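# Examining the three-dimensional arrangement
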Amino acid sequence: YKLSVSPEMDIMEYCRKEWRGNTPAAKRMRKGYEAVARKFASIRRIRGDNYCAFRATLFQALSQATQLPRWLQSEDFTMLPENLLSKYDWIKHWQLRQKPGKRMGEIRDEIKEYLILLRKKWKNISEIKHPLEKQEACDKLFKNEEEEYSLYEALKFLMLNTAIELYNADKSGRRVPVFSWLLFARDTSSNPCQLMHNHLNHIGHSGGLEQVEMFLLAYALQYTIQVYRLYKYSTDEFITLYPNDPEEDWPVVTLITEDDRHYNIPVRMCQETTL
């Protein structure tokens, strides 16, 4: 049995354990971790399957949630699968986790269940006032494999919905964020149907999230995802924001990556010391 989110560990202790050598890469990683340690005291390791970007982002979002996001409150939120399937026949090829070849009605009902679960869990955790209790509730949720993976399916479907909205907005001449052009400029995702077939259906199975899909996740959740990219230490890309021009009222979650493939999370923000 693998823990989805490991217990806290001191950041520099973790760094010393992982990066002992004197290679340029190890030195850069240590510098990167030192920079993170000025802001955060601890790190929690995220289980390393192809869902780790979802796991790290959602865990951080729920850990600090104090209210239900607006998009989760809307009445037609749980009608998304029905509405999209009625317009786009190709969504019947949506790949449910470990359940290939489902019929259209089953896909619709199952995704609806996942969306209801996402709303319920977010609401319950955001209503917990005591930080320790909130943390315990998050830990408990991320030990329940069935529920955890259902939430990732919900996130994937929200990403598809966001991609369709952006694609349609661009086609009708409205302004869209730059990443949306990049998303649909790829040979493998020139439209939402291709994006689903070649990318979203594979997330969690044979691949994780690519850079441009981190933007899409951020837009779907209406969260700014701030990432310490340790191998980019001492460059402009060391701290990368998805999106890079976030809305002011979007909450921020922070992740750490050594390679843009696997993500861990920093916890316990240090008190800023002033001289």
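Bear in mind that the values here come from a model prediction, so they are computed numbers and not experimental data.

### Some details on the pairing of strand β5 (residues 252-257)
Within β5, five of the six residues are buried, which leaves it mostly tucked inside the rest of the structure. As judged from the six bridges shared by strand β3 (residues 224-229) and β5, these two strands associate in the parallel manner. Across the sheet, residue Q226 finds its bridge partner in β5, namely T254. Sheet topology note: the β5/strand β6 (residues 263-269) ladder contains two bridges and is antiparallel. Paired with I256 across the bridge in β6 is N264. Here β5 hands over to β6 after five residues, with D260 in that stretch at a positive phi of 65 degrees.

### Quick look at the sheet that holds strand β1 (residues 9-10)
By definition, the strands of a sheet pair up through backbone hydrogen bonds, in either a parallel or an antiparallel sense. One open sheet accounts for six strands, arranged β1-β2-β6-β5-β3-β4; its pairing is mixed. The outermost strands of the open sheet, each flanked by one partner alone, are β1 and β4 (239-242).

### Thoughts on the UniProt feature "site: Linear diubiquitin binding" (unreviewed entry) in the protein
Per the UniProt record, "site: Linear diubiquitin binding" (unreviewed entry) is found at E237. Mapping E237 onto the fold places it in the loop between β3 and β4. According to the relative accessible area criterion, E237 is partly exposed, its value standing at 39%. Excluding residues that lie within four positions of it along the chain, E237 makes contacts with R229 and K232. Polar contacts involving the side chain of E237 include one to the side chain of R229, which spans 3.5 Å.

### Focus: the packing of aromatic side chains
As enumerated under the stated definition, the model contains 19 aromatic pairs in all. Aromatic side chains F179 and Y219 sit 5.2 Å apart centroid to centroid with 45 degrees between the ring planes, which places their arrangement in the tilted category. Of this pair, F179 sits in helix α9 (residues 178-185) while Y219 sits in helix α11 (residues 211-221), and the two are 40 residues apart along the sequence. Take F179: its relative accessible area is 4%, and that puts it in the buried class. What makes Y219 buried here is its relative accessible area of 18%. Consider the rings of F215 and Y242, whose centres lie 4.9 Å apart with planes at 75 degrees: the pair is edge-to-face. Remark: Y242 occurs in strand β4 and F215 occurs in helix α11; sequence separation between them is 27 residues.

### Some remarks on the UniProt feature "active site" (unreviewed entry) in the protein
Under the UniProt annotation, the feature "active site" (unreviewed entry) is placed at D49, C52 and H262. For the annotated residues, spread through 214 residues, the largest C-alpha to C-alpha distance comes to 8.4 Å, consistent with a single compact locus. Within the element layout of this structure, D49 appears in the loop between β2 (40-44) and α3 (52-63). Using a relative accessible area of 22% as the deciding quantity, one classes D49 as partly exposed. Excluding its chain neighbours within four sequence positions, the residues that come into contact with D49 are R55 and Y149. Note that C52 resides in helix α3.

### Digging into the nonpolar core
W94, L118 and W122 are the most contacted members of the largest nonpolar core, which totals 74 residues. With 13 residues, the top contributor of residues to this core is helix α8 (residues 145-171). When near neighbours in sequence (up to four residues on either side) are disregarded, W122 contacts L58, A61, L62, A65, Q67, L68, P69, W71, L72, L221 and Y223. Among the nonpolar cores identified, the runner-up in size contains 14 residues, and M12, V36, I43 and L230 belong to it.

### Topic: the pattern of salt bridges
Under the counting rule described, the total for this entry stands at 18 salt bridges. A salt bridge links E127 to K123; its shortest N-O distance comes to 2.9 Å. Using a relative accessible area of 44% as the deciding quantity, one classes E127 as partly exposed. Of the residues examined, K123 reaches a relative accessible area of 39% and is grouped as partly exposed.

### Digging into helix α5 (residues 80-87)
Within α5, the full set of buried residues consists of L80, P81, L84 and L85. For α5, the angular spread of the buried residues around the axis is 115 degrees, confining them to a single face. α5 presents S86 and K87 as exposed residues on the side facing more than 90 degrees away from its buried surface.

### A look at the side chain of R47
Note that R47 resides in the loop between β2 and α3. Contacts of R47, omitting those with residues within four sequence positions, involve K2, L3, S4, C52, R55, E145, Y149 and H262.

### Structural notes on a nonpolar patch on the surface
A grouping of V178, W181 and L182 is seen on the molecular surface, where their side chains present a nonpolar patch of about 330 Å² in accessible area. Among the structural elements, L182 can be located in helix α9.

Conventions adopted
- Residues numbered from 1 in each chain as written.
- Predicted model: local features only at pLDDT ≥ 70, side-chain atom pairs only at ≥ 80, totals over all residues.
- Heavy atoms only, no water.
- Buried < 20%, exposed > 50% of the residue type's maximum accessible area, 1.4 Å probe, protein only.
- Helix = DSSP H or I, 4+ residues; strand = E, 2+ residues; numbered from the N terminus.
- Pairing = 2+ DSSP bridges.
- UniProt positions renumbered as here; feature names shortened; annotations may be inferred.
- Contact = heavy atoms within 4.5 Å.
- Polar contact = N/O pair within 3.5 Å; in protein donor to acceptor, adjacent residues only side chain to side chain.
- Phe/Tyr/Trp six-rings, centres within 6.5 Å; stacked < 30°, edge-to-face > 60°.
- Core = buried A, V, L, I, M, F, W, Y, C linked by side-chain atoms within 4.5 Å.
- Salt bridge = Lys/Arg side-chain N within 4 Å of Asp/Glu carboxyl O.
- Arc of directions from axis to C-beta.
- Patch = residues over 30% accessible without salt bridge, like charges linked within 9 Å, V, L, I, M, F, W, Y side chains within 5 Å.
- Areas by Shrake-Rupley, 256 points an atom, 1.4 Å probe, with all protein chains shown as cover.

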